[in-house]
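An overview of the molecular structure
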Number of protein chains: 2
Amino acid sequence: MASRQAHHRRQPKLGRPPRHENQRERVISCASELFARHGYENVGLSQLADAVGISKAGLYHYFTTKQEILDEIVLTTLDGLLAHVDAKIGRAATPRERLVAFMTAHAEYFEANYWAFTTMLVGFSGIARPSARTHAVDRRDRYEGVLRTILAEGMERGDFRKVDLATASRGTLSMLNWMARWYKPDGPTRASEVAAAYADLLLNGIGPSDGDAALV
Amino acid sequence: MASRQAHHRRQPKLGRPPRHENQRERVISCASELFARHGYENVGLSQLADAVGISKAGLYHYFTTKQEILDEIVLTTLDGLLAHVDAKIGRAATPRERLVAFMTAHAEYFEANYWAFTTMLVGFSGIARPSARTHAVDRRDRYEGVLRTILAEGMERGDFRKVDLATASRGTLSMLNWMARWYKPDGPTRASEVAAAYADLLLNGIGPSDGDAALV
């Protein structure tokens, strides 16, 4: 685990990364990695306390249940994602630029908060406290709303052709979210470069372009 | 569970669907649904025996471990997916038609084998027996190879513009695979229609088309 944390220290810090400034944040950070690696159901509170380097009683000082920890990871990650993406698209001038900014910002945040993001994607449906659930659904809907607004504005202005908004939005998020299944945080590929290539596929399609078609 | 099975009986049968012709296939079918709904780790053999309606001793007649059952679900589903997609793309004349056929056939198979497919996607990385693991990786690589061949042929012929093969292939499979996260088998949307709309996005992009651009 030490090497992964070292890796994360080299990453740019975006949104609300775990900074280990206090024990509580360290619990969240260790739990994120353990949940992502082994699955929420398979991690016990004793194992988490060991990873943090505190006693189980010490852990109870911050959280009484594992569920509370999962809820906090999901909510904090969604909040941070929304803030980071909002900031990035705010600097883009056209719907086309905003779509690229949305997709690369999503990937940047995913890369910088790899374990928490992966836990969030898996844990979203398992969130338990009614208030946390409402908050999480609200954040997710706002996040999807940001993307739909970009797509709808682009269609209205004529920057994009008219396609089904739900399908285009879902297809975009599917490509981004599935990264959690194959992306290696220590590998050579940058998630944001993959996202930029996906944006090119979505914007321009694979063919035929007019130039290529003329050659046939 | 009865209503889900009734639903599945209404679906067209593709590839190698569970047909309940014998007890062994019934074990696989019940396990697929239980694993997909509750997570592999959270399902016990007693619970599975209850769902099938046999004793735990009866279950041991077919499988000695839960892992064996997971391995079989993963392998059978990958085999069936490959066979179904191969048959469908064999009837398509151009790379463009083959890409649409690949994507819709994937979605058809997913829809008709919803529980096993979902368990396969989650369980792929958890497959344990070395022989089963080799078989699963081989099948997955062959499956991705089918898609890459379609894309590569299209680029060579000039039907598609030249894009990075790995990115295009990964983006395509990401959209298809993420369906397991949101698709409701009893809902009004057909997975194959969503896949056809995704194929349109990938082939034609969202913009600007020449027609729309001329209006700006």
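Our subject is the structure listed above.
Now for a description of the structure that goes with this document.

Cut-offs used in this document
- Residues numbered from 1 in each chain as written.
- Chains lettered and ligands numbered in written order.
- Predicted model: local features only at pLDDT ≥ 70, side-chain atom pairs only at ≥ 80, totals over all residues.
- Heavy atoms only, no water.
- Phe/Tyr/Trp six-rings, centres within 6.5 Å; stacked < 30°, edge-to-face > 60°.
- Buried < 20%, exposed > 50% of the residue type's maximum accessible area, 1.4 Å probe, protein only.
- Lys NZ or Arg CZ within 6 Å of the ring centre and 35° of its normal.
- Contact = heavy atoms within 4.5 Å.
- Buried area = accessible area lost by both parts, 1.4 Å probe.
- Salt bridge = Lys/Arg side-chain N within 4 Å of Asp/Glu carboxyl O.
- Polar contact = N/O pair within 3.5 Å; in protein donor to acceptor, adjacent residues only side chain to side chain.
- Helix = DSSP H or I, 4+ residues; strand = E, 2+ residues; numbered from the N terminus.

Moving on: the packing of aromatic side chains. All chains considered together, the criterion is met by 19 aromatic pairs over all chains. Each ring, one from Phe 110 of chain B and one from Phe 117 of chain B, has its centre 5.3 Å from the other, and the planes form 75°; the classification is edge-to-face. In this pair, the class of Phe 110 of chain B matches that of Phe 117 of chain B, namely buried. Ring centres 4.8 Å apart and planes at 75° place the aromatic pair Tyr 114 of chain B and Trp 115 of chain B in the edge-to-face group. Given the relative accessible area of 9%, Tyr 114 of chain B is considered buried. These aromatic residues form a ring-pair network of at least three members: Tyr 109, Phe 110, Tyr 114, Trp 115, Phe 117, Trp 182 and Tyr 183 of chain A. Stacked on the ring of Tyr 40 of chain A, the Lys or Arg Lys 66 of chain A has its end atom at 4.4 Å from the ring centre. Here Arg 170 of chain B stacks its cationic end above the ring of Trp 182 of chain A, 3.7 Å away from the centre of that ring.

Contact with chain A, which involves 39 residues of that partner, is made by 39 residues of chain B. Where chain A abuts chain B, roughly 3500 Å² becomes buried across the two surfaces, and 58% of that area is made up of carbon and sulfur atoms. Among the residues of chain A in contact with chain B, Arg 161, Trp 178 and Ile 206 of chain A are the three that bury the most area, contributing 24% of the side total. Our count for the contact surface shared by chain A and chain B stands at two salt bridges. The salt bridge involving Asp 200 of chain A is made with Arg 161 of chain B; its shortest N-O contact spans 3.0 Å. Inspection of the region where chain A meets chain B yields 16 residue pairs in polar contact (both at pLDDT 80 or more). For the side of chain A that touches chain B, the elements supplying multiple residues, two or more each, are α6 (95-112), α7 (114-123), α8 (130-157), α9 (165-177), α10 (179-182), α11 (191-204) and α12 (210-215) of chain A.

This is a description of form; function is not addressed.
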